[in-house]
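Architecture and fold: a report
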Amino acid sequence: MSPDPTATTARPAGTDDFHSLLHSLRVWDVELPGFDPAAAPAAPLPLFRDWFTHAARAGQTEPHTMSLATVDADGRPDVRTVMLHDADEHGWHFASHSVSAKGRQLAAAPEAALGFYWPAVGRQVRVRGSVTAAGPVASRADLAVRSRGALAAALTGRQSAVLGSLDELARASAAAWERAGAEPAAPAPTWTAYLLAPREVEFFQGDAQRRHVRLRYRRPAPDATAWTRELLWP
């Protein structure tokens, strides 16, 4: 029997509230900063640091969080939020466990993209490039300057593995916190520092009239030292 096209399909509870809320939301109900791409520096790092500092001082919560996108063995994209550890002349730095999903994906396909979004100032920064893993000495040095909580998390380990129960996590975490307090230099063998060397860096300044300004820095060749700058349509 064919379905009646005039019949009303029951909507899941909360659907109307969800859509009403979704379509009522607005962005950038604040005065946005200007951005003159003609005055931008020749390389992306100084501009990134300037925008980062501006976002933090404008009240942006956790401006050092960023999306990290990788691909799995089947070429399917994967993304998660991680912390920026540094941004210098070598690239953008972050860390994770080598045995985590992202660690395994980066080992198999060492290319990634980063995304920063700072809604307090209507700005985004996108970074694409190749990723290299640091050795154990540099990785341990990265962890050494982190907090006790970061060390405890690293010692808990097993990131991305299937968890049997929250009680199991609580026991492992409690033991890790105790060890982190007693042994500040405790080794976390799978903790790995990563460096993304950029090939492209894009700066996006939102505009209330939707005339967004997008400036892309691009290396014309992998070994190029100078950057090509170009505007993009919004």
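What you are looking at is a predicted structure, and each value in this text was computed from that prediction instead of being measured.

Now for the nonpolar core. Across soluble globular proteins, nonpolar side chains show a tendency to be buried alongside one another. One finds Phe48, Trp92, Phe116 and Val125 to be the most contacted residues of the largest nonpolar core, which totals 30 residues. Elements that contribute at least two residues to this core include exactly α2 (44–57), β1 (65–71), β4 (91–97), β5 (111–118), β6 (123–133), β7 (191–205) and β8 (213–218). Top contributing element to this core by residue count: α2, with five residues. Beyond its immediate sequence surroundings of up to four residues, Phe116 is in contact with Phe48, Pro63, Thr65, Met66, Leu84, Trp92, Arg123, Gln124 and Val125.

What follows concerns the side chain of Asp88. When you line up the elements, Asp88 lands in strand β3 (residues 86–88). Buried charge Asp88 goes without a salt bridge, the closest partner of opposite sign being Arg49 at 6.0 Å. Side chain to side chain, Asp88 and His93 meet in a polar contact 3.0 Å long. Those residues in contact with Asp88 that lie beyond four places of it in its chain are Leu45, Arg49 and His93.

This part takes up the pattern of salt bridges. Summed over the entire model, instances satisfying the criterion amount to 12 salt bridges. Glu230 is the salt-bridge partner of Arg216, the closest N and O atoms lying 2.8 Å from each other. Taken together, the residues span a long stretch of sequence, with Arg216 in strand β8 and Glu230 in strand β9 (residues 228–232) at a distance of 14 residues. Overlapping salt bridges, with partners in common, bring together Asp72, Asp74 and Arg76 in one network.

In the contact formed by helix α5 (residues 148–156) and helix α6 (residues 166–182), the axes pass within 8 Å of each other and the chain directions differ by 125 degrees. Judged by the inter-axis angle, α5 sits oblique to α6. Remark: the crossing between α5 and α6 carries right-handed chirality. Across from Arg148, Gly149, Leu151, Ala152, Leu155 and Thr156 in α5, the residues of α6 making contact are Leu169, Ala172, Ser173, Ala176, Trp177, Glu178, Arg179, Ala180 and Gly181.

Here we come to the packing of aromatic side chains. All told, the structure shown has 12 aromatic pairs when counted by the stated rule. Between Phe116 and Trp118 the ring centres are 5.7 Å apart and the planes differ by 45 degrees, which places this aromatic pair in the tilted class. Since its relative accessible area comes to 2%, Phe116 is described here as buried. Given a relative accessible area of 1%, Trp118 falls into the buried group. The residue whose ring lies beneath Arg123 is Trp51, and the NZ or CZ to ring-centre distance is 4.0 Å.

To continue, consider a nonpolar patch on the surface. Taken together, the side chains of Phe18, Leu21, Leu22 and Leu25 present a nonpolar region at the surface, about 410 Å² in accessible area. Mapping Leu25 onto the fold places it in the loop between α1 (15–24) and α2. A relative accessible area of 52% means that Leu25 is categorised as exposed.

This paragraph deals with helix α4 (residues 136–144). Listed in full, the buried residues belonging to α4 are Ser139, Asp142 and Leu143. Looking straight down α4, one finds its buried side chains confined to an arc of 95 degrees; they lie on one side. For α4, exposure combined with an orientation more than 90 degrees from the buried face picks out Val137 and Ala144.

Calculation rules
- Residues numbered from 1 in each chain as written.
- Predicted model: local features only at pLDDT ≥ 70, side-chain atom pairs only at ≥ 80, totals over all residues.
- Heavy atoms only, no water.
- Core = buried A, V, L, I, M, F, W, Y, C linked by side-chain atoms within 4.5 Å.
- Buried < 20%, exposed > 50% of the residue type's maximum accessible area, 1.4 Å probe, protein only.
- Helix = DSSP H or I, 4+ residues; strand = E, 2+ residues; numbered from the N terminus.
- Contact = heavy atoms within 4.5 Å.
- Lys, Arg positive; Asp, Glu negative; His and termini not counted.
- Salt bridge = Lys/Arg side-chain N within 4 Å of Asp/Glu carboxyl O.
- Polar contact = N/O pair within 3.5 Å; in protein donor to acceptor, adjacent residues only side chain to side chain.
- Axes fitted to C-alpha atoms, helices over the stretch in contact; angles between N-to-C directions.
- Parallel < 35°, antiparallel > 145°, perpendicular 65-115°, else oblique.
- Left-handed = near helix turned anticlockwise from the far one by under 90°.
- Phe/Tyr/Trp six-rings, centres within 6.5 Å; stacked < 30°, edge-to-face > 60°.
- Lys NZ or Arg CZ within 6 Å of the ring centre and 35° of its normal.
- Patch = residues over 30% accessible without salt bridge, like charges linked within 9 Å, V, L, I, M, F, W, Y side chains within 5 Å.
- Areas by Shrake-Rupley, 256 points an atom, 1.4 Å probe, with all protein chains shown as cover.
- Arc of directions from axis to C-beta.

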